[in-house]
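Single-letter residue listing:
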Amino acid sequence: MKTNKEDFPIKKTEQEWRKQLTTNQFTILREAATERPFSGEYNLHFEKGTYLCAGCGTELFSSDSKFDAHCGWPSFDKAIADENIVERIDHSHGMIRTEILCANCGGHLGHVFDDGPTDTGLRYCVNSLSLDFTADK
């Protein structure tokens, strides 16, 4: 399982990431921070298209899998491809959660929970700042 920065195909120095990302994106994608609930541009965004990793452009979620979980972050019930997301146990903040990362650059996306309302039973809770969006044509 990919757990160290060296395990991911895309390797950049901290300086390279800081040059590419905004300060807030860097804090989330590279330092595993979380944006404030209800503050992200994709929380209530329901345009048809594809959500990509803001760090490397990997396709992560389709708008078809997005739903409003009323939690304050964009929520999805499945990834575009399981191999595009890595899961690892997160013991931060006195909790045990499943962190989700981009499989190509190791960017922190958010967490996945097993309380989703659809048949997958999953709720991928994702930071807007870790995402880019490409609209369907």
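Just so we're clear, the structure is a prediction, and the values are computed from it rather than from any experiment.

Calculation rules
Residues numbered from 1 in each chain as written. Predicted model: local features only at pLDDT ≥ 70, side-chain atom pairs only at ≥ 80, totals over all residues. Heavy atoms only, no water. Buried < 20%, exposed > 50% of the residue type's maximum accessible area, 1.4 Å probe, protein only. Helix = DSSP H or I, 4+ residues; strand = E, 2+ residues; numbered from the N terminus. Pairing = 2+ DSSP bridges. UniProt positions renumbered as here; feature names shortened; annotations may be inferred. Lys, Arg positive; Asp, Glu negative; His and termini not counted. Salt bridge = Lys/Arg side-chain N within 4 Å of Asp/Glu carboxyl O. Polar contact = N/O pair within 3.5 Å; in protein donor to acceptor, adjacent residues only side chain to side chain. Contact = heavy atoms within 4.5 Å.

A. Highlighting the pairing of strand β1 (residues 49-53). β1 sits mainly inside the fold: 5 of its 5 residues count as buried. Where β1 and strand β9 (residues 131-135) come together, 5 bridges link them in antiparallel fashion. Bridge pairing in β9 places Thr 50 opposite Thr 134. The hairpin formed by β1 and strand β2 (residues 59-62) contains 5 residues between the paired strands, and Gly 57 there has a positive phi angle of roughly 85°.

B. View of the UniProt feature "domain: MsrB" (unreviewed entry) in the protein chain. The positions that UniProt labels "domain: MsrB" (unreviewed entry) are, in the present scheme, residues 14-136. Between the C-alpha atoms that bound residues 14-136 there is a distance of 33 Å. The span itself is 11% helix and 33% strand.

C. Highlighting the side chain of Asp 77. Turning to its location among the elements, Asp 77 is positioned in the loop between β4 (75-76) and β5 (85-90). Buried charged residue Asp 77 carries no salt bridge. Nearest counter-charge: Lys 78, at 5.4 Å. In this structure the side chain of Asp 77 is engaged in a polar contact, spanning 2.7 Å, whose partner is the side chain of Thr 118. With sequence-adjacent residues up to four places away left out, Asp 77 is seen in contact with Ser 65, Phe 67, Thr 118, Thr 120, Leu 122 and Tyr 124.

D. Fine view of the sheet that holds strand β6 (residues 97-102). With antiparallel pairing, 6 strands are arranged side by side in an open sheet as β3-β4-β8-β7-β6-β5. Unpaired on one side and paired on the other, β3 (66-67) and β5 mark the two borders of the sheet. Relative to β4, β3 runs antiparallel, the two sharing 2 bridges. Looking at β4, one finds that Phe 67 is bridged to Ser 75.

E. Structural view of the UniProt feature "active site" (unreviewed entry) in the protein chain. UniProt annotation of "active site" (unreviewed entry) refers to Cys 125 when read in the numbering used here. You can see Cys 125 is positioned in strand β8 (residues 123-126). By relative accessible area, Cys 125 is classed as buried at 10%. Each residue touching Cys 125, except ones within four places of it in the same chain, is listed here: Cys 71, Trp 73, Pro 74, Leu 109, Gly 110, His 111 and Phe 113.

F. Representation of the side chain of His 111 in the model. Within the secondary structure layout, His 111 lies in strand β7 (residues 108-113). Among the residues examined, His 111 registers a relative accessible area of 6% and is labelled buried. Polar side-chain contacts of His 111 include one of 2.7 Å to the side chain of Asp 90.

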